[in-house]
Amino acid sequence: MSLLSLKNILQSAHTAGFFLSRGVIVHGNINAATAGRIDGTVMGDIVAEDKLVIGETGVVNGNIDASDLLVFGTVEGDISSSKKAVIANTARIRGKLNCPVLDIEEGAQVEEARIQHKKTRPKSIAPLKSEPVTGVQKGVPQEEDSIESWF
């Protein structure tokens, strides 16, 4: 039987990401540069630059901002994903959902949620110049440019 050195353990832990096991409670925010999985409880906000999985026993009482997100457990807070979020059929969500791609499986409990998708204008595009509008009838609603759309 060979023993792994501390350096090898730390390197493998770094490449594997982080794991918060069932029964562990964190009071405070988590900022992670690696992928991770939460099967315990977090009482605070989570920012993950990579994939984040909230397991079936995972509970988050705070906001989540992750690149990719997969939720099997409970989240009471706003969810934001820069790529994709998947809400599994075992999940219980209460909060705002903001992500470009959202997949909610049948059976998921999404209570009091507002699903939102924000579109931002790229900084390289110059603002449009306003020109006089002709032929607009008074009292007729006009379509507005909106940075934020709801679906």
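Calculation rules
- Residues numbered from 1 in each chain as written.
- Predicted model: local features only at pLDDT ≥ 70, side-chain atom pairs only at ≥ 80, totals over all residues.
- Heavy atoms only, no water.
- Helix = DSSP H or I, 4+ residues; strand = E, 2+ residues; numbered from the N terminus.
- Contact = heavy atoms within 4.5 Å.
- Core = buried A, V, L, I, M, F, W, Y, C linked by side-chain atoms within 4.5 Å.
- Buried < 20%, exposed > 50% of the residue type's maximum accessible area, 1.4 Å probe, protein only.
- Salt bridge = Lys/Arg side-chain N within 4 Å of Asp/Glu carboxyl O.

Caption draft 1: Representation of the environment of D103. Examined against the element boundaries, D103 turns out to sit in strand β12 (residues 101-104). A sequence separation of 15 residues divides D103 from A88, and the C-alpha atoms of the two residues are 8.2 Å apart. Discounting residues that sit within four places of it in the chain, D103 has contacts with K84, A85, V86 and I87.

Caption draft 2: Structural view of the nonpolar core. Grouped together as the largest cluster of nonpolar side chains are 22 residues, with contacts concentrated most on I46, L52, I54, I64, L69, V71 and I93. Counting only elements with at least two residues in this core, the list comes to β6 (46-54), β8 (64-71), β10 (79-87) and β11 (92-98). Excluding anything up to four places from it in sequence, I93 contacts V71, V75, I79, I87, Q109, V110 and E111.

Caption draft 3: The arrangement of the pattern of salt bridges in detail. Taken as a whole and assessed by the stated rule, the structure comprises one salt bridge. Taking the shortest distance from any N to any O, the salt bridge between D39 and R37 comes out at 3.0 Å. Under the relative-accessibility criterion, D39 is labelled buried at 11%. For R37, a relative accessible area of 34% puts it in the partly exposed group.

Caption draft 4: Expanded view of the environment of S80. As for its position among the elements, S80 is in strand β10. The residues contacting S80, other than those within four sequence positions of it, are I64, D65, A66 and N98.

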